[in-house]
Structure formats: structure tokens, C-alpha cells
Amino acid sequence: MTPTRRLYAAPQNFTLTKPFVISRGAKTEARVVVAEITQGIFRGRGECTPYARYGESVDSVLAQIEGARAALEAGADRFALQNLLPPGAARNALDCALWDLEAKLTGVPAWQMAGLSRLSPCVTAYTLSVGTPEEMARAAREASERPVLKVKLAGAGDPARLRAVRAAAPESELIADANEAWRPEDLPEFFAACEETGVALIEQPLPAGADAALASRRPVPVCADESVHDRAGLAALRDRYDLINIKLDKTGGLTEALALADEAERLGFGLFVGCMVASSLAMAPALLLSSRARFVDLDGPLLLAQDRPEGLKVDGSVLYPPEAKLWG
């Protein structure tokens, strides 16, 4: 007889080493939800970050998870889950928990289940919060040994911010992330500043749904973040973006993320693997996409005052594959 399944979910908070500031606001802690599915002696876990930009809260995510309880405890798998919940944080936590549980039950690592020949270490970008040019130069100087810096921007004053960061970190590859803060009329000046400072990629400069101006000249590659969640509507972005940012909290888990990566590559997009601010438990499943990505931004654990005790091994900006006691 198959052991009974049980589903548990609870919020957890992680204090950040310093305030994390983007164009939409600041936070001093990561508020996540952890889902745990047990079957006999085996346990699978997944972590998500509810995101207000997408209408999510800790309470709404817990309510969605509760709504899927009966089906999951009755044995629904991660493929059935895709029809139980929409893309988003709640489905992500449950999907990743089901991947982890399946790996524990079968003894087959999640990376093998995903069809990978191996899972290797990868280099993550390190994020600099938006601030004055002087504040950002100081932060960039402290992080100048890191190979890739992700520079949060906010609109007005961004060229000065970029120049300050570049002067302070002359050797680092730069990603500029505006989080929808630019306007179409800003593009000529801001694109020129990105070219001048050697920015390798611009992430989501214009608001989702108001990004048609990106269909014209793009002197620096542009990556869709808020404009893309899952495969729905992906083809419509081909003339506006060169890469897409795959975040498991947007896709609703690793299952859809892998399918999205396949479809994006078929359509000619490059891949960027990103994250919300969260612990190693949220980063571990996303690492299964890292070998396919031009850029990896899974620095959530680097921003925490204290990660999970079983968290990812990190050496500078290098992330190592998770051990089974963490995930997968």
C-alpha cells in the first residue's frame, strides 16, 4: 500500500545583509513560503517568494496551496499540478516540492530526471541596489572582484549611475536592470550610456505591455523579465527582446520553466535564469537551467544575513550543485 501523502506549507523570513532597493521600493527581509510534501519517510520541499507586482502576498499564496491540498494528498503529480494552479509563486513551491519528493522516492537526482548529463557549478551575477551614483560606486568597488554585476536602475539619473559603477568596477561584466522604470523617450540617452559603459545586457527597460518601442534599434541586447512568465505570448515578444529571464516564481515551477526554455530556444531567444530574493532552497531547482543560460542571476543566498544551514556551497560568485539534503 502506498504511504499516505501529507502537505504542509508555512511562511519563513530571512533577514538581508543590507536593504535591497529597486525602482519599485526597498526590502530588508525575504518573505518566502515553503511547501513540504511527505510520503512515508520521504520529504520533498519547495520555496517561493510571493511578489506584490504580480498581485501575490504570503496569505494569497498559502490560500492557493491550501486549495490544491486535496488533489496533491490524493496523489496528483507535477504534471497534474499544471492544471490545478496558474503560473505563479504557489505553483512553484508545490512543483519544486514534487520534483524533490520524486527524486527522494526514486533515488534518481532531479538533474537526471530533467534529462541533463550532469549538473556543474555556475557563476552568478551579484546585484547592486539602486541608489545615488556615489552609493552605487561604493557598492561596486566592494564587489569589483565579482565577474558579473547586476546594476539596479530607476530611470532619471541612470546614465550617471552606470558611469559611476563602471568606474568603480572596470573589469566586471555589467547587466543593467531597470525593472520597467524607463520611458520610450529615455531610450536614446540611456541606450547610449549603456553602450558607453560596456553594458552587456539591459533587463526589462520599459513596462510590460508598453514595450513596443523596443522593436526599433537595440544597440545592446535586451532581456524580457516582467513581460514574460510562461510560454503564453512568448512568440509575440520576438521583435522586442533578445533574451528572456526565466524565474521559477513566474513560470510556476521547474516543470514549466524547462518547457519555456525549450520554446524560447526554438524561437531564437537567449536564456537568462533569474530569481527573487530567497534562500538556497529556491535557487537549487533553477540551477538545472544554468548550463543553457547566457546569464545566471541566482544570488539570493548571497544577499541574506544567514542562509539555510544546508544551503548551496558558494565560492565567491560560483554556485555549486545542491546536495540531496537541500533539494533534488
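Residues numbered from 1 in each chain as written. Predicted model: local features only at pLDDT ≥ 70, side-chain atom pairs only at ≥ 80, totals over all residues. Heavy atoms only, no water.

1. Some remarks on the state of the cysteines
So, point 1. Under the criterion given, the structure shown has zero disulfides.
So, point 2. With no disulfide of its own, C194 lies closest to C223 among cysteine sulfurs, the gap being 13 Å.
So, point 3. Of all cysteine sulfurs, the one in C275 lies closest to C223, which takes part in no disulfide; the gap is 13 Å.
So, point 4. Exposure remark for C223: the relative accessible area of 0% places this residue in the buried category. (Disulfide = S-S within 2.5 Å. Buried < 20%, exposed > 50% of the residue type's maximum accessible area, 1.4 Å probe, protein only.)

2. Details of the pattern of salt bridges
Side-chain pairs of opposite charge can arise whenever the charged atoms involved come near each other.
So, point 1. Across all of its chains, the model carries 28 salt bridges by this definition.
So, point 2. Between E47 and R308 there is a salt bridge whose closest N-O contact spans 2.8 Å. One end of the pair, E47, is in strand β3 (residues 42-48); the other, R308, is in the loop between β12 (295-296) and β13 (314-315), and 261 residues separate them in sequence. As far as burial versus exposure is concerned, E47 and R308 are alike and both buried.
So, point 3. For R53, the salt bridge is made with E180, and the minimal N-O distance between the two is 2.8 Å. On the criterion of sequence distance, the pair formed by R53 in the loop between β3 and α1 (58-67) and E180 in the loop between β7 (173-177) and α8 (187-196) is long-range, its members being 127 residues apart.
So, point 4. Looking at R53, the relative accessible area reads 32%, which means it is partly exposed.
So, point 5. Through salt bridges with shared partners, a single network forms among K150, K152, D177, E203 and D297. (Salt bridge = Lys/Arg side-chain N within 4 Å of Asp/Glu carboxyl O. Helix = DSSP H or I, 4+ residues; strand = E, 2+ residues; numbered from the N terminus.)

3. Points about the pairing of strand β8 (residues 199-203)
So, point 1. Among the five residues that make up β8, five are buried, leaving the element largely enclosed by the rest of the structure.
So, point 2. The sheet contact formed by β7 and β8 spans four bridges and is parallel. From the neighbouring strand, I175 faces β8, where its bridge partner is L201.
So, point 3. Here two bridges tie β8 to strand β9 (residues 222-224), and the two strands are oriented parallel to one another. Note that in β9 the partner of I202 across the bridge is V222. (Pairing = 2+ DSSP bridges.)

Keep in mind these values describe shape, not function.
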